[in-house]
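# Secondary and tertiary structure notes
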Amino acid sequence: MSGSGAAEIERNGSTSSYQFTLAGTIVSLNNAELVFDYPALMPGGTVIKFKTGTPPTVDPDLSDIAGHYEGYTLATNGAGYFTDMLTEDENMLVTVNTDGATLDLALTSSALGTFSAEGVTAELTSDGVYEVSASGSAEMERNGNSSSYSFTLTGTITSTEDAELAFDFPGLMSGGTVITFYTGTYSAE
């Protein structure tokens, strides 16, 4: 199922209306999964995932890196169309999946659109850094149009204030494109 609508959300005694899109499936009362995407709720938007059943037991280590990340991206095209194209004020949401062992990432970029990676693995190293990796296909939305691109993801996460993730899209433009997300504020050193 899919659709769109508006929801009234009350916060601090004030009510505001927010537009959302909805995607998901309902098999039965005990088997449903819905995703509500509110692009204007908080900077970078908000995604709410609903799933029937018992909440999963979450690895406390993975829950430590779940959250909202703020930073910037640098994009480089392999054919030389652009190198280190900077986009500031980027937002990424990291959530722990119901299996408790993998993550979902949703990156919202004002220049590059919105895309997500599901089933991301995160391995804790001896120095307390998570090495993340994934491969698959990500939906990228730009100007209201959605396209699917294969990617590989590699990077590190120490905390919501310390992360570097490289999304390598070999089929995005001629020569492929690598989009690297960094937490913090860009500094041309």
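Further up the page is the structure itself.
Residues numbered from 1 in each chain as written. Predicted model: local features only at pLDDT ≥ 70, side-chain atom pairs only at ≥ 80, totals over all residues. Heavy atoms only, no water.

## Regarding the overall build of the protein chain
Regarding its fold elements, the protein chain presents 1 helix and 12 strands. Relative to the globule expectation of 16 Å for 189 residues, the C-alpha radius of gyration of the protein chain, 17 Å, shows essentially globular dimensions. With the principal axes as the frame, the protein chain shows a C-alpha extent of 50 × 40 × 35 Å. Counting every atom, the protein chain has about 10900 Å² of accessible surface; 49% of that belongs to carbon and sulfur. Each charge class in the protein chain can be summarised by its mean position, and for the 4 positive and 25 negative side chains these summaries are 10 Å apart. (Helix = DSSP H or I, 4+ residues; strand = E, 2+ residues; numbered from the N terminus. Rg over C-alpha atoms; globule rule 2.2 N^0.38 Å. Areas by Shrake-Rupley, 256 points an atom, 1.4 Å probe, with all protein chains shown as cover. Lys, Arg positive; Asp, Glu negative; His and termini not counted. Charge placed at Lys NZ, Arg CZ, Asp CG, Glu CD.)

## With respect to the packing of aromatic side chains
This structure, assessed with the given rule, holds 6 aromatic pairs. On the basis of an interplanar angle of 50° and a centroid distance of 6.5 Å, the ring pair of F151 and F167 is categorised as tilted. With F151 in strand β10 (residues 145–159) and F167 in strand β11 (residues 162–169), this pair connects stretches of sequence that are 16 residues apart. Where F151 meets F169, the ring centres are 6.0 Å apart and the plane angle is 45°; that geometry is what we call tilted. Linking F151 in strand β10 with F169 in strand β11, this pair joins segments that are 18 residues apart in sequence. Each member of the pair F151 and F169 is classed as buried. Following the ring pairs from residue to residue traces out a cluster consisting of F20, F36 and Y38. (Phe/Tyr/Trp six-rings, centres within 6.5 Å; stacked < 30°, edge-to-face > 60°. Buried < 20%, exposed > 50% of the residue type's maximum accessible area, 1.4 Å probe, protein only.)

## Notes on the nonpolar core
Counting 30 residues, the largest nonpolar core has F167 and F169 as its most contacted members. Setting aside chain neighbours within four positions, we find F169 in contact with F115, A138, M140, Y149, S150, F151, G176, T177 and I179. Counting 6 residues, the second largest nonpolar core, distinct from the first, contains F20, L22, Y38 and L41. (Core = buried A, V, L, I, M, F, W, Y, C linked by side-chain atoms within 4.5 Å. Contact = heavy atoms within 4.5 Å.)

## Comments concerning the sheet that holds strand β1 (residues 2–11)
By definition, the strands of a sheet pair up through backbone hydrogen bonds, in either a parallel or an antiparallel sense. Sheet architecture is open: 4 strands sit in the order β1-β2-β3-β4, paired in antiparallel fashion. On the outer flanks of this sheet lie β1 and β4 (46–51), each paired with one strand and no other. Across the sheet, the mean angle separating the axes of adjacent strands is 25° when strand polarity is ignored. Here 7 bridges tie strand β2 (residues 14–28) to strand β3 (residues 31–38), and the two strands are oriented antiparallel to one another. Looking at the pairing, I26 lines up with A32 of β3. (Pairing = 2+ DSSP bridges. Axes fitted to C-alpha atoms, helices over the stretch in contact; angles between N-to-C directions.)

## Notes on unusual backbone geometry
Even without being a glycine, D89 presents a positive backbone phi close to 55°. Although it is not a glycine, M173 sits at a positive phi angle of roughly 70°. By the element assignment, M173 lies in the loop between β11 and β12 (177–183).

## Structural notes on the side chain of D104
Summarising the element assignment, D104 is placed in strand β7 (residues 102–109). The class of D104 is buried, set by a relative accessible area of 8%. For D104, the side chain forms a polar contact with the main-chain nitrogen of G119, separated by 3.2 Å. Look past the residues within four positions of D104 in its chain and what remains in contact with it is K49, L93, V94, T95, N97, A117, E118 and G119. (Polar contact = N/O pair within 3.5 Å; in protein donor to acceptor, adjacent residues only side chain to side chain.)

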